[in-house]
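# Secondary and tertiary structure notes
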Amino acid sequence: MAVFLNKEEGGDEEENKGKPEKMISESFMFALIWSIGGSCDARSRIKFDGWLRENATEKGYTGMIPGSGADDDEICYDKLFHVKQQKYLGWFDTLDPYVLDPKTPFADIAVPTIDTVRCTYLVDLLLSHDVSILCCGATGTGKSVVVNEKVGKNMPDKYVPKFMAFSASTSANQTQDMIDVTMDKRRKGIFGPPVGKKMIIVIDDLNMPAKEEYGAQPPIELVRQWFDHQGWYDRKTFEFRTIVDVVFCGVMGPPGGGRTFLTNRFMRHMNFIAFVEMGLSSLTTIFSTILGTWINANFQGDQFLAVTDKMVTATNNVFKTVAKELLPTPAKAHYAFNLRDLAKVFQGVLMADVKTLSDTSDLQRLWIHECNRVFQDRLINDEDRSWFKSLMVKQLSEVFEAEYDTIVTDRLMFGDYQIPNADPKLYCQVQDFEKLVKTMEEYLDDYNASTTKKMSLVMFLDAIEHVSRISRIIRTPLGNALLLGVGGSGRQSLTKLAAFIAEYKCFSIEITKGYGKNEWREDLKKCLKVAGMENQQIVFLFTDTQIVREEFMEDINGILNSGDVPNIYANDEIESINNIMRPILQGLGIPQTKATMYASYLRRVQSNLHVVLAMSPVGDAFRTRLRMYPAMVNCCSLDWFAEWPNEALLSVAQQKLADIDFDSAQTRDAVYDLCKTVHSSVTAMSATYLSELGRHNHVTPTSYLELLNMYRNLYADKRQEVLKSKHRLEVGLDKLNSTAEKVGVMQEELQDLQPVLVKKSAFVEELMKDISRDKAAAEITAASCAEEEKSANEKTIATKAIADDAQRDLDEALPALDAAVQSLKSLNRNDIVEVKSLGNPPAGVKMVMEAVCIMMEIKPVQIKDPNDDRKKVDDYWGVSKSKVLVDPSKFLNDLFTFDKDAIKENTIKKIAPYIANPDFTAENISKVSKACTSICLWVCAMHQYYNVSKMVEPKKRALAEAQAELDENLAKLAASQKELKDVTDRVALLETKFKDAIDEKSALANKAEQCELKLERADKLIGGLGGEKTRWQESVKQFDIDYTNVVGDVLAAAGAIGYMGAFTLTYRTQLYELWNKAMADIDLPHSENVNLIGVLQDPVAIRQWRIDGLPADELSTENGIIISKARRWPLMIDPETQANKWIKQQHHGDGLATIKLSDKDFLRTLENSIRFGKPVLLENVQEELDASLEPLLLKQVYKQGGQMMINLGDSAVPYHEDFLFYITSKLRNPYYTPETAVKVTLLNFAITEDGLIQQLLGVVVAEERPDLAQMKDQLVVNNAAMTKQMSEIESNILKLLAESTGDILEDETLINTLAESKKTSTEVSQKLQEAEVTEKEIDETRVKYTPV
């Protein structure tokens, strides 16, 4: 009452003067209603109103009670006393009419209702007068909206808001730190907000902290300490910190679930305001305003306007019915509906692209879709979904007056992903589902091309629908998702794909060894900064397997509630945030205080950050977290990943096995059908297994995918194995058959060869005689030829000596002659013309021309002697000009062609004076004429040639005589040689005939010998392997049958590997029987009573396993086969450590590393083994596996720089293909969550009754008859070795037969090897038979100790 009277309502003292009695009485009544009556819920308010009116009537204060009473739907809570007007007014009378802007984002719409108006008034009234309040109401009643709107935006500037949220794990220390960090030091021991400010600390979910051992709630007690003592102690200095200028505003839901009752010692400090659930009128007001504004802005026509009221009414009906009928249970803990869900329906409707909504049926279809997304998507079974569909059918019929089957004719999906890279992305109905599947596959291909962690997904329609649901959630501001499903159902993969489609970043933490709070906070900050500082859309994907510490969920709860984690940012990071937000607020005209900047930053975070929680609903952990962290449901849209229906199973099988070549379409359909049967039968058997033995086995979609992948691999391998084995035997049989056919042919050939050999021997003898005769004649002729050849050679040598001597003489003159010729070649016609043109030539020229005329025997002309007229002298110059030089070309040619061998002796005599003349040299002549120089050289050369030739002439005559004699001798020699050649050729021909005859005789003899050898070898081959022929023929027939049955046998084996590991032998046998019957019913080819051992056993390997310590019972044998064939690493439930001992013995020589999760350096050991390809045994694990092992368990191997790598812990490790990883647990009945089960191959190695009997029998026999036990052990080892040897021998025989080319009987080494191998095989077989008899006798003796 005091704060109400102190509130400024306008008016002045004079105006109110004279009315104090009415003002006090009405103010008292208003205060009474909202103090004592303020804690009432909706029903109690009606009762309180009746009680108040009844008592007021008795006291005579009837007129003081506001409102006309419950009978007129106007109770005392519906009026406000207006001090200025001195009367009661309706709450809406104090407000201006509300007009909604169609462009307002849905998250920012706040339509006033009577509840929000009066609660806002009360919050403002009390907080502005420093009265701490406690707002209590169910989820969706608007508590947080009213408080955040009022405290965060509409309080006077002197108030600084501080928002906090409690959860079940919030501690007192965290609470103190969150408040202390916001306080400034006023003076010693006094702290508070900045001077001149008051801080309103808003604590959401105030009653969420869990009670400690003695029933107290530490965070609440800390706040109560402030109420009682105005502060608390500093935990470091132990000094008391007084906190001033603070007002608390608590917000909480009613006690129940994870919320607890607050103590009265705390409650007494706060004014209680109950937020009642909105009435139908308020809900209608809100959503009619929102929907009506949208329809009016986007549609024309009365038919659309009429949809508003119908849609609001129908949605309210659906919400109320769902909230009433679908109540939370232990199995349905998430069935918690509130008004936020109601709002999400209309938010989804407003997202639609109005251009695609052409009539009211489109709007109705959109409304059905949004109701399905909000309400139906969280339902866990077909029963609930069918119930919800009937509810929708009813509302559509009663409210919209439409038929559901007419509106919804196919799968109903809306989304904004149908057109890749569209801008803007339009939210509209999916019409073409085949096109949608292709579009999603393209999205998946693009995603895989952009990352090293590729996803192998089958995009069937159910999976696409989950992608669509996630896409719808994250496209909205404050859109967070809670995905519920068992591990392997695709929650994470589909979220990553949805984020990629939306072009959002997708962030997920990587758990490493030692990952703790600091690493978690750093990862969170990265994500929050991307959303807030970089203003980018981001999806934070978080799974329950990543909850290393429950503190993580505390932070997630805070992010979902407010977008903030207390004390996550350091001071420098806060400053960076302020630097980014300051210009933004400045542009909007908002004051840039620390509070407003940080609040704007948080709004950005909430708008851009989309938290997607992938949780498993199995077990108590999920239900506990729902109670502890209510924001998981309140702030998230839910999507339940149900078991795949048969249509989905069929679709996935069709896509995964599409490229396998089956014999017929009928076989293909039968395989698909059996895949569904295997999956559903294991699901049913798991339920029986749990109810009868209390053991869990989770069947997940990943199990089904593992079945299909395993079938693909085994089918190809098994077909190839059968074909290869059959081919080897067929080749062996062909060799045996062809050998048998050749034996008769070779015997006939050998018989026919004998007379031919006799005849050929006689012919050879006759030839030998002819050759002897001809060889003697050839020897005589050869001797005669040799004598003649010797004589001819001697004569040839003498003739050559004469010729060489003559040639040496000629060689002396030839260089001068060649020099003269070369000199002449340098002359041309003009040089001769130049000489001719000389009128009075020099003496040297005349002398040269005289010599030329003499050499050419041209007579001179008699002319007068210039010195004595009485005498006449010879004149050669005139003759030279008229006869020699008249034609220069001819003159030069005459010089070149001059017959130097015809020079006369007289001419040489005449020329001799010239030669002897010292002036007749080339050197002297070159001084007067170039042409005459060359001619001079020519004359000298002719003179020299003549002299040499004259000296050589006798030698030439001697040479000619010697040559004639030599020619005669050579002619005689040629005749003799021809005669010798004829004789020799005749002898050679005879020798060739003889050689051919000898060769033919040898070939015939060799052929006969080879025939005999081949017959002998054929006898060895047929005799040695003849006994195998029948067995091989039977085996080939069996292989034909096996090849046909592979299609069913391998599917049963793949089912056993993928599903049976966790079952005991009894349940495995039942599953085999079910599958055999199913294959018979659908005519799928298979072997009779097919099982894993019959299909995939390797007898040699199994015997070796038993030597290494694997128990001999059927269960253990199957487990060994599963380990050798499974694609995932084995996790063996091994309470008796049978598997542990077996693995250690099997790999004792391979560098096996044995580790435990408790080892400090287990990751380092693991890294080294991965790097070098060594086996690792992780033993003694509990029900939880270290999160850092996840990349290894999932085999997330990628190629980097041409090398295979895997991330383990904080480092990338080279991955060796020989690496092996085994996990064992000593727990007898551990519970592994689906998330763990899908990452490993679970194997039940718990000892069976038969196995226990055998082990106990072995202990007793070892004690009583150690000799017998030792003999038994030795027999097992020897039998294994001999069986292996037998298998190797047969493989070697078939290998040799297959690799042999041509005629096998020609390969003596091969025949001998085959004979030796068969001999060894026979010996080993006899030893095995003897050993089996001995083993049987030993076993009979051992059985006698069974009663012991």
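Before reading on, note that the structure itself is shown above.
Residues numbered from 1 in each chain as written. Predicted model: local features only at pLDDT ≥ 70, side-chain atom pairs only at ≥ 80, totals over all residues. Heavy atoms only, no water.

## Observations regarding a negative patch on the surface
We count it as follows: Within this analysis, patches are made of residues with over 30% relative accessible area and no salt bridge. Like charges are joined at 9 Å or less; nonpolar side chains (Val, Leu, Ile, Met, Phe, Trp, Tyr) at 5 Å or less. Note on areas: Shrake-Rupley with a 1.4 Å probe; residue coverage comes only from the protein chains shown. By definition here, a salt bridge exists when the distance from a side-chain nitrogen of Lys or Arg to a carboxyl oxygen of Asp or Glu is within 4 Å. Charged residues are defined narrowly, with Lys and Arg counted positive, Asp and Glu counted negative, and His plus the chain ends left uncounted. Taken as the charge location is NZ of Lys, CZ of Arg, CG of Asp or CD of Glu. Runs of H or I in DSSP of at least four residues are treated as helices and runs of E of at least two as strands, each being numbered from the N terminus. Exposure categories follow from relative accessible area, calculated using a 1.4 Å probe and restricted to protein chains: below 20% of the type maximum is buried, above 50% is exposed, and the middle band is partly exposed.
Together, Glu 441, Glu 442, Asp 445 and Asp 446 make up a negatively charged patch on the protein surface. Along the polypeptide, Asp 446 turns up in helix H16 (residues 433-449). Residue Asp 446 is classed as partly exposed on the basis of its relative accessible area of 45%.

## Topic: the pairing of strand E9 (residues 240-243)
Note the following rule: For two strands to pair, DSSP has to find at least two bridges joining them.
On E9, burial follows the alternation: Arg 241 and Ile 243 on one face are buried, whereas Phe 240 and Thr 242 on the facing-out side are not. Note that strand E6 (residues 190-192) and E9 share two bridges and pair parallel. By the bridge assignment for E9, Ile 190 is matched with Thr 242. With three bridges joining them, strand E8 (residues 231-233) and E9 adopt antiparallel strand pairing.

## Topic: the sheet that holds strand E23 (residues 1175-1178)
Counted only if it meets this: Only the stretch in contact is used when a helix axis is fitted, and all axes are lines through C-alpha atoms; the angle between N-to-C directions ranges over 0 to 180 degrees.
Read from one edge to the other, the open sheet built from five strands follows the order E22-E23-E27-E21-E28, with strand pairing classed as parallel. Lying at the two open borders of the sheet, with one neighbouring strand each, are strand E22 (1153-1155) and strand E28 (1241-1244). Averaged over all pairs of adjacent strands, the angle between their axes in this sheet comes to 20°, without regard to strand direction. Sheet topology places E23 next to strand E27 (residues 1220-1225); four bridges connect them, and they run parallel.

## Focus: the packing of helix H29 (residues 843-855) against helix H30 (residues 876-884)
Which entries qualify depends on this criterion: Two helices cross in a left-handed way if the nearer one is turned anticlockwise from the farther one by less than a right angle. They cross in a right-handed way if the turn is clockwise. Only heavy atoms enter the contact rule, under which two residues are in contact if any of them lie within 4.5 Å. Each residue is assigned to one class: nonpolar for Ala, Val, Leu, Ile, Met, Phe, Trp, Tyr, Cys and Pro, charged for Asp, Glu, Lys and Arg, and polar for all the others, Gly among them.
Two elements in contact, H29 and H30, have axes whose closest approach is 9 Å; the angle formed by their N-to-C orientations is 65°. H29 and H30 meet at a crossing whose hand is left-handed. In this structure, H29 uses Val 845, Lys 846, Met 849, Glu 850, Val 852, Cys 853 and Ile 854 to contact H30, whose residues at the interface are Tyr 876, Trp 877, Ser 880 and Val 884. Classifying every residue of the contact of H29 with H30 by side-chain character gives eight nonpolar, one polar and two charged.

## Describing the packing of aromatic side chains
Counted only if it meets this: When the centres of two rings from Phe, Tyr and Trp lie within 6.5 Å, Trp using its six-membered ring, the rings pair. Their planes under 30 degrees apart give stacked, over 60 give edge-to-face, and anything left gives tilted. When the NZ atom of lysine or the CZ atom of arginine is within 6 Å of a ring's centre and also within 35 degrees of its normal, the charge is said to sit over that ring.
Across all of its chains, the model carries 46 aromatic pairs by this definition. When the ring of Phe 30 is compared with that of Tyr 121, the centres are 6.2 Å apart and the planes differ by 85°; the resulting orientation is edge-to-face. Placement of the pair is Phe 30 in helix H3 (residues 20-35) and Tyr 121 in helix H5 (residues 114-127), with a sequence separation of 91 residues. As far as burial versus exposure is concerned, Phe 30 and Tyr 121 are alike and both buried. Counting every residue linked through ring pairs, the aromatic cluster contains Phe 30, Trp 34, Phe 48, Trp 51, Tyr 77, Trp 91 and Tyr 121. The positively charged end of Lys 1195 is found above the aromatic ring belonging to Trp 1129, 4.1 Å away from the centroid.

## A closer look at the pairing of E28
Residues Thr 1241 and Leu 1243 line one face of E28 and the alternating positions Leu 1242 and Asn 1244 line the opposite face, and both faces are buried. Sheet topology places strand E21 (residues 1130-1133) next to E28; four bridges connect them, and they run parallel. Within E28, the position partnered with Leu 1131 by the bridge is Leu 1242.

## A word on the nonpolar core
Here is the rule we go by: Put simply, buried Ala, Val, Leu, Ile, Met, Phe, Trp, Tyr and Cys residues joined by side-chain atoms within 4.5 Å make one nonpolar core.
The biggest cluster of nonpolar side chains holds 104 residues, and the ones touching the most others in it are Trp 367, Phe 375, Phe 540, Phe 542 and Leu 609. Sorting elements by how many residues they give to this core places helix H11 (residues 302-325) first, with eight residues. One finds Tyr 504, Met 710, Val 1047 and Ile 1123 within the second-largest nonpolar core, a separate group that totals 101 residues.

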